[in-house]
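# Residue-level structural notes
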Amino acid sequence: MASHALVPAATTRGMKPTQQAMAKRERPVFSLSDDHAMSKKILDTHNPDGREVDVNVILHIAEEVFQHAYPAGMDGVLHGAGAHHLEGNIEALKLEEKASLAFDGILEGLAYIIHKVSCELTCKCSSGGHDTHSTTMSVLGMLSGYQWDAKLVISLAAFAVTYGEFWLVAQMFATHPLAKSVAILKQLPDIMEHHGSLRSRFDAINELIKAILEVTKIIIEFKKLPSQYISEDQPPLSVAITHIPTAVYWTIKSIVACASQLTTLLGMSYDMIVATTADTWEMSSSTHKLRNISEHLRAELNRCYQHIQDKMHVEYFQMLVHLFEATQFDNMKIMRAMIYIKDDLLPLEVGTTHTRASVEVLRRKTVLLLLSDLEASHEEILVLSQIYLESRSRPEFQYEIVWLPIVDRSKGWNDVQEQKFKELQALMPWYTLHHPSLLEPAIVKFVKEKWHFSKKMMLVTLDPQQGKVACPNAIHMAWIWGNLAYPFTISKEESLWNMESWRLELVVDGIDPNLIDWMASGKFICLYGGEDMDWIRNFTKSARSVAQRAGIDLQMLYVGKSNNKERVRRINSMITAENLSYCLMDLTSVWYFWTRIESMFYSKMQLGKTIQEDKVMQEVLTMLSFDGSDQGWALISRGSFEMARAKSQIITKTLEDYTIWEEDARSKGFVPALIEYFLQLHTPQHCNRLILPGLDGDIPEMIVCAECGRAMERFFMYRCCTD
């Protein structure tokens, strides 16, 4: 961006006669046409010789002068309140006395140049028809050996001397003999007498001083940028610093203008005071210009900060990668890096009790990092809470859960997000981060890129010895086996599957108390689902009729559908009212039933199993295709391993044709005969729809149909909610 962005063209249109005269006397120093030439003149005055100045100390002292000088106000000065104001600050001044002693060494060697610049401002500005540009260039020449930020603070300090002396005498002349004598010589009593006419002028000077300080502070901030993350010869800093010389020029020129306004008051008669009150437009114009400069520089500075943050995030990210690759003595180094890098706060908080804790509570424990965004469902948290609370009563389960809310804070943080966070946190009986702001942005990047977190909740297991990843996602184990999966490692997951097979206990896992009794007493069990109420009525009626004819005790349970809570709620009500069958009345149980089925698929995927070779995966995909279909379905079982399942058309036709396979049912058994007849009715013409709410990296490239073995065509579906 060209530097003329900081130099708006001047105009005299709409000015009062006094303003026009001032404009003719003080023509724009450089316009858009000669901007480059003036920038070169400014740069020609710059010849730094390596001397260092503690600009923060000088700026602090100058700010103290401005703060103590004008806030008392004109009315307070006139009525002697200035002395009272000064007395009220005596204690504060005493407290700062020791600190001021330290300034002596810093200011040693600078007092002369500050005095010299102050004299330049006072002498040049008090002379008639002075040229602020010439004075500004003269000051820049005096300060040629200093850096740009030092030029600013020295000029500011030089003006603060004049400004401070003026207001010190003004505040004390009514009560202090020496101040009174000096005030008379400076003709300050006359000025104070007409304070009402001068208020706008002093207010304008005060506003300009604020704008000067703002630009000065921003330029100082540029000097503080860490060189290890940002270089002066590369964007964005290289772009930003090209604007600093022009900004320094306009800021020092504004300081000159302030000094001019102050010194020209001395010896001014009442008529002259009234005649020049309109000249505050010059102050307002300079204030507006500096605010534009400040806004522009602040934007450039923010770009630099963003560049630094990006660099730091990359560095932090690489540090995390290295930590997980290197051997650690214990899990604390990784815990501190993942949870909070600083030690001066208690970053952990038990959600339900709001008890704060340090990372030390995780030392040498199995840690399950719970990763989720702020859209985590209450069902997930409720079921996981039951598993976690059960573990607290079992000493053999030594693990802790820590919730890391994965939130992109670069897009801002609002009250709605804050409320969502607090609501979720209040449901969690385990450790959570006290606030998402404690999570380093690099960690968000890490869990997304290295652990493939996308949206669905994850549980990453870290071992108790070194804090290494023992399982990239243990959430599937938790849903399938609960605390039996402890310590939630890959090896434990493998051993659990080695002892498992596709059986009714695996499918239902006690989601309803009735199921346990039915299985124990050897009853036939039918699980069914779908959303077509007419089909449900016909199916349950036909199934009961066939069971009665076959002489079997058949118990039926409606398990709903995974993605439509309100529809399932209505169907449950109708089934119960019409006494068609049992239902999973608690919708959390419906969610849990289907989540466990999904988890079986992902757990097998995590272990590298394939659909073609794994019987459990084949059956799971069949169940998921049932759930993804618009049709009804049924699974009929007796005992652990006799299970027959089919979609609505086949199960309906099979029940209608019971007389055809009735003899086989009596000789071979009801479920084996049912399976045989299902296979007879199966045709190559069919359509299965499979919905996999997967995690990044977990969806296989190819899935074969569970019925015919052909590769299924893949589509993408976007869904914003589960209702």
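Note that this is a predicted model, so its numbers are computed, not measured. (Residues numbered from 1 in each chain as written. Predicted model: local features only at pLDDT ≥ 70, side-chain atom pairs only at ≥ 80, totals over all residues. Heavy atoms only, no water.)

### As for the overall build of the protein chain
When helices and strands are counted, the protein chain shows 31 helices and twelve strands. Out of the 723 residues in the protein chain, the part that is buried amounts to 51%. A fraction of 74% describes how many contacts in the protein chain between residues 6 or more apart in sequence connect residues 24 or more apart. Roughly 34,600 Å² of accessible area belongs to the protein chain as shown, and the carbon and sulfur atoms make up 53% of that amount. (Helix = DSSP H or I, 4+ residues; strand = E, 2+ residues; numbered from the N terminus. Buried < 20%, exposed > 50% of the residue type's maximum accessible area, 1.4 Å probe, protein only. Contact = heavy atoms within 4.5 Å. Areas by Shrake-Rupley, 256 points an atom, 1.4 Å probe, with all protein chains shown as cover.)

### Observations regarding the packing of helix α22 (residues 490-498) against helix α27 (residues 587-606)
The N-to-C vectors of α22 and α27 enclose an angle of 115 degrees; their axes lie 11 Å apart at closest approach. Classified by chirality, the crossing of α27 by α22 is left-handed. Contact residues: Ile490, Glu493 and Trp497 in α22; Met600, Ser603, Lys604 and Gln606 in α27. For the contact of α22 with α27, the per-class residue count stands at three nonpolar, two polar and two charged. (Axes fitted to C-alpha atoms, helices over the stretch in contact; angles between N-to-C directions. Left-handed = near helix turned anticlockwise from the far one by under 90°. Nonpolar A, V, L, I, M, F, W, Y, C, P; charged D, E, K, R; others polar.)

### A word on the packing of helix α8 (residues 132-142) against helix α14 (residues 244-263)
It is at 9 Å that the axes of α8 and α14 come closest, and there the two elements cross at 115 degrees. Crossing of α8 over α14 shows right-handed handedness. Together, Thr132, His133, Thr135, Thr136, Met137, Val139 and Leu140 of α8 and Val248, Tyr249, Ile252, Lys253 and Val256 of α14 make up the contact between the two elements. For the contact of α8 with α14, the per-class residue count stands at seven nonpolar, four polar and one charged.

### A closer look at the nonpolar core
With 104 residues, the main nonpolar core has Leu527, Tyr528, Phe539 and Phe670 as its most contacted residues. The element contributing the most residues to this core is α27, with ten residues. Listed in part, the 71 residues of the second largest apolar core include Ile114, Val153, Ile293 and Leu297. (Core = buried A, V, L, I, M, F, W, Y, C linked by side-chain atoms within 4.5 Å.)

### Focus on the confidence of the model for the protein chain
Overall, the prediction assigns the protein chain a mean pLDDT of 82, with 79% of residues at 70 or greater. Confidence, expressed as mean pLDDT per element, reaches its minimum in the protein chain at helix α1 (residues 17-25) with 42 and its maximum at α22 with 97. Contacts from residues 1-34, a stretch scored under 50 in pLDDT, to residues over four places away or in other chains number 52 contacts. When the criterion is pLDDT under 50, residues 72-95 qualifies, and its contacts beyond four places in sequence or with other chains add up to 26 contacts. (pLDDT = per-residue confidence, 0-100.)

### Description of the pattern of salt bridges
Considering all chains together, one arrives at 34 salt bridges under this definition. Among the ionic pairs, aspartate 44 bridges to lysine 40, the shortest N-O distance being 3.4 Å. Highlighted residues: aspartate 44 and lysine 40, both in helix α2 (residues 35-44), separated by four residues, approximately one helical turn. By relative accessible area, which is 53% here, aspartate 44 ends up exposed. Two residues, glutamate 418 and lysine 422, come together in a salt bridge whose shortest N-O distance is 3.9 Å. Here lysine 422 and glutamate 418 lie together in helix α19 (residues 415-426), a separation of four residues that amounts to about one turn. For glutamate 418, a relative accessible area of 19% translates into the label buried. (Salt bridge = Lys/Arg side-chain N within 4 Å of Asp/Glu carboxyl O.)

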